[in-house]
Amino acid sequence: MIITVDGPAAAGKGTLSSRLAKKYNLAYFDTGMVYRAVGLQLLKGNIDLTDAVAAEKMAHELTFTKMMKLSQDKDFRSAAGGNAASVVSSYPGVRSQLLDMQRNFAKNPVFADGTPAQGVIYDGRDTGTVICPQADIKFFITASSEVRAKRRYDEFVAKGMAADYKQVLADVVARDERDANRKDAPMKPAEDAFIIDTSDMTIEQVYNCAVEIIESKYK
Ligand code: C5P
């Protein structure tokens, strides 16, 4: 079984995906990690984020193992790391270099400890449209920019990271604008996606809604 969860930044894709992965015993690929890995390497190497050629080279050299190692870095999930990821993900050359790595995961999905899995859940804004259009079930999870900014802000606070709500909101809006018209990673639901607007829903309600959709499809 392949499930994709697309949608804008901080809509709740990660929370839903990891819960569904657990329930259905699926490997989980958080595709934002590939861009975070490239962006972080630029940050660490003091390379300007506008250097698309350097970013493409990093993307070309990225392996799954390297990405998992980089994900242990304290800046991987920071606001700066997210911003770097967002910038490098706007380079078509970076996206195309990272396509195979993401697509190949569905052929041989593995859990975090390396054991093989029977299926995969992909989390990322273009997973149902570009990475895995053949997925069995596609979700598009969205919410208002204010709600998404509040959630991301709460995440930073919960992790003990410095955060300013207004800045987080400005970042969310800037990312949405950057993402709005990308041909290679459209911020739009696949035609056959189930759209869930989570603005007024709790995590539990979103999860139950997704489970209901999956179970009704496989009844
Ligand atoms: O989901 P996460 O915040 O880790 O993603 C980091 C950035 O990577 C996003 O802001 C987005 O710009 C980019 N991204 C993307 N396509 C994906 C996943 C993430 O462009 N499939």
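Here, every reference points to the structure presented above.
All of the points below concern the structure found in this document.

What counts, and where the lines are drawn
- Residues numbered from 1 in each chain as written.
- Predicted model: local features only at pLDDT ≥ 70, side-chain atom pairs only at ≥ 80, totals over all residues.
- Heavy atoms only, no water.
- Helix = DSSP H or I, 4+ residues; strand = E, 2+ residues; numbered from the N terminus.
- Core = buried A, V, L, I, M, F, W, Y, C linked by side-chain atoms within 4.5 Å.
- Buried < 20%, exposed > 50% of the residue type's maximum accessible area, 1.4 Å probe, protein only.
- Contact = heavy atoms within 4.5 Å.

A closer look at the environment of Gln134
Point 1. Its location among the elements puts Gln134 in the loop between α7 (127-131) and β4 (137-142).
Point 2. With 21 residues separating them in the primary sequence, Gln134 and Glu155 have C-alpha atoms 32 Å apart.

Notes on the nonpolar core
Point 1. By size, the foremost hydrophobic cluster in this structure holds 35 residues, and its most contacted members are Val34, Val38, Leu62, Met67, Leu98 and Tyr122.
Point 2. Of all the elements in the fold, those that place two or more residues in this core are β2 (27-30), α2 (32-44), α3 (52-61), α4 (64-70), α5 (79-88), α6 (92-105) and β3 (120-123).
Point 3. Element by element, the count of residues in this core is highest for α2, at seven residues.
Point 4. Not counting residues up to four positions away in its chain, the partners in contact with Val38 are Ala55, Met58, Ala59, Leu62, Val88 and Leu98.
Point 5. By size, the runner-up hydrophobic cluster in this structure holds 19 residues, among which are Ala11, Ala21, Tyr24 and Ile137.

So, unusual backbone geometry
Point 1. If you check the backbone angles, Ala10 has positive phi at about 60 degrees while not being a glycine.
Point 2. Of note, Ala10 is situated in the loop between β1 (2-6) and α1 (13-24).
Point 3. According to the relative accessible area criterion, Ala10 is buried, its value standing at 11%.
Point 4. A positive phi angle, close to 55 degrees, is found at Asn46, a residue other than glycine.
Point 5. Mapping Asn46 onto the fold places it in the loop between α2 and α3.

Honestly, it's all geometry; don't read function into it.
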